[in-house]
Amino acid sequence: MTAKNMFDVSGKAVIVTGAASGIGRAIAEVMAESGARVALLDQDEEGLDAAAADLRKLGADPITRKVDVSDRVPMRKAIDAAVEHFGGLDIVFANAGISSGPGFLNSDGTENASGEIERVSDALWDRVLAVNLNAVFTTIQRAAFHMKAQRSGRIVVTTSVASFRAESWVGTPYMPAKAGAAHLVRQAALELARYNITVNAIAPGAFATNIGDGQLKVPAVSVAMGKRIPLGRVAQPEEVKGLALFLASPASAFITGAEIQIDGGSSLGR
Ligand SMILES: NC(=O)c1ccc[n+]([C@@H]2O[C@H](COP(=O)([O-])OP(=O)(O)OC[C@H]3O[C@@H](n4cnc5c(N)ncnc54)[C@H](O)[C@@H]3O)[C@@H](O)[C@H]2O)c1
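These figures come from a predicted structure and were not determined experimentally.

Participant: Which parts of the structure should I look at to understand the pairing of strand β1 (residues 13–17)?
Facilitator: Remember that side chains alternate between the two faces of the sheet whenever the strand is regular. Counting buried residues in β1 gives five out of five residues, a clear majority hidden from the surface. Residues of β1 alternate between two faces, with Ala13, Ile15 and Thr17 on one and Val14 and Val16 on the opposite face, all of them buried. The pairing of β1 with strand β2 (residues 37–42) spans five bridges and is parallel. Residue Thr17 lies in a different strand from β2, and its bridge partner there is Leu41. Read as a crossover between parallel neighbours, the route from β1 over helix α2 (residues 22–33) to β2 is right-handed. Across three bridges, the pairing between β1 and strand β4 (residues 91–94) is parallel. Residue pairing for β4: Val16 is matched across the bridge by Phe93.

Here you go:
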């Protein structure tokens, strides 16, 4: 295989959830730039339209579907519709996710009483688990249904460094949701390997996106956060593109069940 072929995803049918913003939008972009056929799923219709318009400028012909990934029946239908449109399914990015608000400390280290464990509402717990864990299950489950039939596929889940490391400034429900998603990746990888389907995770550190009310896009917050990161800064969404393309392409054919950190070294410690 030539170096060029290693990263060839041209013509592949790809679904990206949470594609209207941030990391998912960048993933959709690198797939489209690489000649893949892309379905953008998100609950934000305006954001979807804007993302699709940008991809069309690159010469791509994306389809979009407004869906709440945590609504199981509509979500399965959205995946089925994309498969029908493309005539198959090669790559799925289960990326949509939400924050659970600040933790028991704010990002500047001051106390945040509203983030303490006894103040976490049932509604917040349920919503974060529904979007960040249950919906990943629904996505993997339905993607596997289609990929098993063709005996090939790539599934990539966006987890977080929070899946393996506790953080005072991140709200409690986010932690077990992401840890659950990371372990689901390993279990699904084990089961689906015999069908030539790989399942891996991208574990971002701090990326300047719209999550958490776009806090990491606020210059003062971004600079303060950057000081805690060995590479000295937060990442821009485009910086996920290389890893996303790697995990979707033949270059990573023998990698499954992996969770790859993309965090500027932040999980190394301070
Ligand atoms: N930005 C970071 O620092 C960071 C760090 C670690 C992990 N992550 C993870 O990266 C993923 C992408 O987040 P991002 O940072 O790009 O945030 P973002 O808010 O910029 O983008 C998330 C997208 O997901 C969509 N979405 C949210 N809930 C949805 C739902 N129920 N149904 C359909 N769409 C939904 C949003 O509309 C949005 O377009 C998430 O899983 C997040 O947990 C982000």
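What follows continues from the structure just given.
Participant: So what exactly am I meant to see when it comes to the pattern of salt bridges here?
Facilitator: Oppositely charged side chains may form a pair once their charged atoms are brought near each other. This structure, assessed with the given rule, holds eight salt bridges. For Asp68, the salt bridge identified is with Arg127, shortest N-O distance 3.0 Å. With a gap of 59 residues between them, Asp68 in the loop between β3 (63–66) and α4 (72–86) and Arg127 in helix α5 (residues 122–150) connect regions that are remote in the sequence. In the salt-bridge network here, residues are joined through shared partners; they are Arg25, Asp54 and Lys57.

Participant: Can you help me understand the pairing of β4 in this one?
Facilitator: Going residue by residue along β4, you find Ile91 and Phe93 tucked away on one face and Val92 and Ala94 tucked away on the opposite face as well. Considered for its hand, the β-α-β crossover made up of β4, α5 and strand β5 (residues 153–158) is right-handed.

Participant: Could you clarify how one ought to interpret the sheet that holds β3 in this entry?
Facilitator: Each strand in a sheet pairs with another by means of backbone hydrogen bonds, the pair being arranged parallel or else antiparallel. Strand order across the open sheet formed by seven strands is β3-β2-β1-β4-β5-β6-β7, with parallel pairing between neighbours. Each having just a single partner strand, β3 and β7 (259–262) make up the two edges of the open sheet. Strand-to-strand twist of the sheet, defined as the mean angle between neighbouring strand axes without regard to direction, takes the value 15 degrees. Relative to the sheet, helix α9 (residues 241–248) contacts β4, β5, β6 (197–204) and β7, its axis offset from that of β6 by approximately 170 degrees.

Participant: Can you help me understand the layout of surface pockets in this one?
Facilitator: Taking a probe equal in size to a water molecule and rolling it over the atoms shows the remaining empty space. Estimates place the volume of the second largest pocket at around 220 Å³. Forming the walls of the second largest pocket are 13 residues, and the residues nearest its centre are Lys12, Ser152, Gly153, Arg154 and Ala248. For the lining of the second largest pocket, the per-class residue count stands at five nonpolar, four polar and four charged.

Participant: Any chance you could explain the nonpolar core here in plain terms?
Facilitator: Generally speaking, nonpolar side chains in soluble globular proteins are found buried as a group. If you look at the biggest cluster of nonpolar residues, it comprises 39 residues, and the most contacted ones within it are Ile15, Leu89, Ile155, Val157, Leu192 and Val199. For this core, the secondary structure elements donating two or more residues are β1, β2, α4, β4, α5, β5, α6 (174–192) and β6. At 10 residues, the largest contribution of residues to this core is made by α5.

Participant: Honestly, the side chain of Thr17 in this entry has me stumped. Any pointers?
Facilitator: Mapped onto the elements, Thr17 comes out in strand β1. A polar atom in the side chain of Thr17 sits 2.8 Å from the backbone nitrogen of Asn95. Ignoring any residue separated from it by four or fewer positions in sequence, one finds Thr17 in contact with Leu41, Val69, Met75, Phe93, Ala94, Asn95, Ala96 and Thr139.

Participant: For this particular structure, what's the right way to read the packing of aromatic side chains?
Facilitator: Aromatic ring pairs: the centre-centre distance and the angle between the two ring planes describe each pair. Counted by the stated rule, this structure contains zero aromatic pairs. Lying over the aromatic face of Phe145, Arg142 brings its terminal NZ or CZ to 4.2 Å of the ring centre.

Participant: Is there a simple way to explain empty space enclosed by the protein in this structure?
Facilitator: By the definition in use, this model includes one cavity of 30 Å³ or more. The space that makes up the largest cavity amounts to roughly 40 Å³. By residue number, the principal contributor to the lining of the largest cavity is α5, which donates four residues. Grouping the amino acids of the lining of the largest cavity by side-chain chemistry returns six nonpolar, three polar and no charged.

Definitions and limits used
Residues numbered from 1 in each chain as written. Predicted model: local features only at pLDDT ≥ 70, side-chain atom pairs only at ≥ 80, totals over all residues. Heavy atoms only, no water. Buried < 20%, exposed > 50% of the residue type's maximum accessible area, 1.4 Å probe, protein only. Helix = DSSP H or I, 4+ residues; strand = E, 2+ residues; numbered from the N terminus. Pairing = 2+ DSSP bridges. Right-handed = clockwise from strand over helix to strand, strands pointing away. Salt bridge = Lys/Arg side-chain N within 4 Å of Asp/Glu carboxyl O. Axes fitted to C-alpha atoms, helices over the stretch in contact; angles between N-to-C directions. Contact = heavy atoms within 4.5 Å. 1 Å grid on protein atoms, 1.4 Å probe; cavity = no way out; pocket = protein on both sides within 12 Å on 5 of 7 lines; lining within 4 Å. Points joined across faces, edges and corners; volume = space filled by probe spheres on them. Nonpolar A, V, L, I, M, F, W, Y, C, P; charged D, E, K, R; others polar. Core = buried A, V, L, I, M, F, W, Y, C linked by side-chain atoms within 4.5 Å. Polar contact = N/O pair within 3.5 Å; in protein donor to acceptor, adjacent residues only side chain to side chain. Phe/Tyr/Trp six-rings, centres within 6.5 Å; stacked < 30°, edge-to-face > 60°. Lys NZ or Arg CZ within 6 Å of the ring centre and 35° of its normal.

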